[in-house]
Every structure is written in structure tokens, then in C-alpha cells.
Amino acid sequence: MKEIKGIILSIKDYREYDTLMQIMSEEGIYSVVGKGHRRMKSKQAPLCQLFAYVSCICHAKNEYATIYTLRSVQMLTYYRKIREDLCKQAIALFFLEAVLQLKEGELFEHLKYALDLLEDSTKPYAAAALFAAQLTHLQGIDPYVDGCVKCGSKQVSGISVEHGGFVCRECMRAQEAVLTVEELRKFRLLQKADYTHYALLESHGDWNLQDLERQLAFLTRYGFLQFNSVELLEKIAALD
Ligand SMILES: [Zn+2]
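Residues numbered from 1 in each chain as written. Predicted model: local features only at pLDDT ≥ 70, side-chain atom pairs only at ≥ 80, totals over all residues.

Trainee: How should the domain arrangement of the protein be read in this particular structure?
Mentor: Often the size quoted for an interface is simply the accessible area lost on bringing the parts together. As assigned here, the protein comprises domain 1 (2-77) and domain 2 (80-239). Relative to domain 2, the C-alpha centre of domain 1 lies at a distance of 31 Å. Each partner contributes to the interface: domain 1 provides 13 residues, whereas domain 2 provides 10 residues. Listed by contribution, the elements that provide at least two residues to the side of domain 1 that touches domain 2 are strand E1 (2-14), strand E2 (18-25) and strand E3 (28-34). With four residues, E1 is the single largest residue contributor to the side of domain 1 that touches domain 2. Across the side of domain 1 that touches domain 2, the residue classes tally to seven nonpolar, four polar and two charged. (Domains from an automatic or database assignment. Contact = placed C-beta atoms within 7 Å. Helix = DSSP H or I, 4+ residues; strand = E, 2+ residues; numbered from the N terminus. Nonpolar A, V, L, I, M, F, W, Y, C, P; charged D, E, K, R; others polar.)

Structure below.
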């Protein structure tokens, strides 16, 4: 028997009545079969939901098996407030999408932290953008935000994904947008902050999808990540 305490990253149909889940714990990602989880009367299935933090008792056929079978499950954190909010839910799916692509064990702590912040957040995009900024650090692809990345000037006007950070008006390329002081400040704050600074971030003005997308531009360009969940976020933002 093995206890896996982790967050459910994905749930797929498996065999006739089962599911196959990926659960991330501090030790890494485990594949766990939910026996009979696709049957209506399954008592375990309602506890096994995406991004739920659960404690699972599992067993493996033998010591070489890579797939475990779920014996019992206990809900640790359900994240009710995320589930009741369409935007927060889409952001949680974005977290999972990122973690599934990176698959690093150390991401568990980040994921847990980000979900906890998102649950009680009044500005969900701040939590989303901070998580993305943290990923740029983990990937070693943080944008340069202490002046123009090309010439060092402190008078910056925009962000260049191509050059890897802030740029001044002279070094900007035609296709790069001039951003407001507020937009640049938020971008820099995200890069300088960690999760313990979250309350400060939240109090710092409004946060929106663009704040997230500016961070994601670096993760897609240099981290080679893809974010299909952003499409959903764009649709939700268009509804507002
Ligand atoms: Zn410059």
C-alpha cells in the first residue's frame, strides 16, 4: 500500500468503467486507476475531481508497476470557491496545463500555493500572472526588468519578447506596443514578487488577462509551452 497526497492533474476514461488519473505529489506524478469511477453509483468518483487536493491509499500490482490502483480517497481541499467561479476555474485549468507540460516534482508546491491563493483571491488574474511569472524563474527564462534590455536606459516604454525584457522607445521594434507606466509596473512587480507578496500584488490596481498574457509570451517563446486554456479565458473575458 502507498499513500499519495497530491493534486489531481488529469482524469481520462480508462477501460470500460474506470478512469486513469494523474496525481502530482511532492514526490512527482503518479498514474492512478479509479476502479468503477465511471459508474453512476461510484462513491469515490465525486471526490476525485480535477485540481482537488486528496489523500489516496493506493496499491500496485508489484514493486515494478508504474500504475497504482486507488483503494480509498480522502478529500483534503476541494477548492469550492474556484469551482463556483468560471474565471477561477479556467485559471485552475491553466495551472494544471502548465504543470502537466513541465512535470517537475518541485512544481507541486507552486501548484498548491497558487491554488490556495486563487481560492480566496478577489483578483484571480493576479494569482494567474504570478504563477506564470514564477514559472519563468523556474525555467530560467525571466525577462529583464531593470531597464532597457538592449541599451540599459531606465526610460522603458514596452516589453520585447524577442529581446527578452523591457525596452526603451529607441530600442523598440515597430510591432511592439508602447505600454502604460502602470502596465510596466505590474509586469516588473510580478517578476520581483513571490507568493508571500501576494496581498501586496492584489492591492496594486487592477489585474486582467493581458497581465497574464504578457508573462505567457515568454513561456511560449522560450519555455516552449502551449496554453489551450487561455482560449477559454479569452472567451470569459469577452463576456464581461
Ligand atoms: Zn534601449
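Trainee: What should I look at first to understand unusual backbone geometry in this one?
Mentor: For residues that are not glycine, phi is negative in most cases, and the peptide bond is trans in most cases. The backbone phi angle of Phe 51 is positive, close to 55°, even though this residue is not glycine. You will see that Phe 224, though not glycine, has its phi angle at about 55°, which is positive. Examined against the element boundaries, Phe 224 turns out to sit in the loop between helix H7 (209-221) and helix H8 (229-239). Judged by the 10 C-beta atoms lying within 10 Å of it, Phe 224 falls in the exposed class. (Buried ≥ 20, exposed ≤ 12 C-beta atoms within 10 Å, placed from the backbone.)

Trainee: Which parts of the structure should I look at to understand the sheet that holds E2?
Mentor: Two orientations exist for strands paired in a sheet by backbone hydrogen bonds: parallel and antiparallel. Pairing is mixed around the closed barrel formed by five strands, whose spatial order is E1-E2-E3-E5-E4. The mean inter-strand angle of the sheet, taken between neighbouring strand axes irrespective of direction, is 50°. The pairing of E2 with E3 spans seven bridges and is classified as antiparallel. When the bridges of E3 are listed, Ile 23 appears paired with Tyr 30. (Pairing = 2+ DSSP bridges. Axes fitted to C-alpha atoms, helices over the stretch in contact; angles between N-to-C directions.)

Trainee: Is there a simple way to think about the pairing of E3 in this case?
Mentor: Successive residues of a regular strand alternate their side chains across the two faces of the sheet. Remark: two residues form the turn of the hairpin made by E2 and E3, two consecutive strands paired antiparallel. As paired elements, E3 and strand E5 (residues 67-77) share three bridges and run parallel to each other. Residue pairing in the sheet places Ser 31 in a bridge with Ile 67 of E5.

Trainee: Honestly, the packing of helix H2 (residues 86-102) against H8 in this entry has me stumped. Any pointers?
Mentor: Two packed helices can be described by the angle between their axes and the distance between those axes. Close contact between H2 and H8 brings their axes to 9 Å; oriented N to C, the two are set at 165°. Between H2 and H8, the interaxial angle falls into the category roughly antiparallel. Judged by the sense of rotation from one axis to the other, the crossing of H2 with H8 is left-handed. Contact with H2, carried on its side by Leu 86, Cys 87, Ala 90, Leu 93, Phe 94 and Glu 97, involves Ser 229, Val 230, Leu 232, Leu 233 and Ile 236 of H8 and no other residues of that element. (Parallel < 35°, antiparallel > 145°, perpendicular 65-115°, else oblique. Left-handed = near helix turned anticlockwise from the far one by under 90°.)

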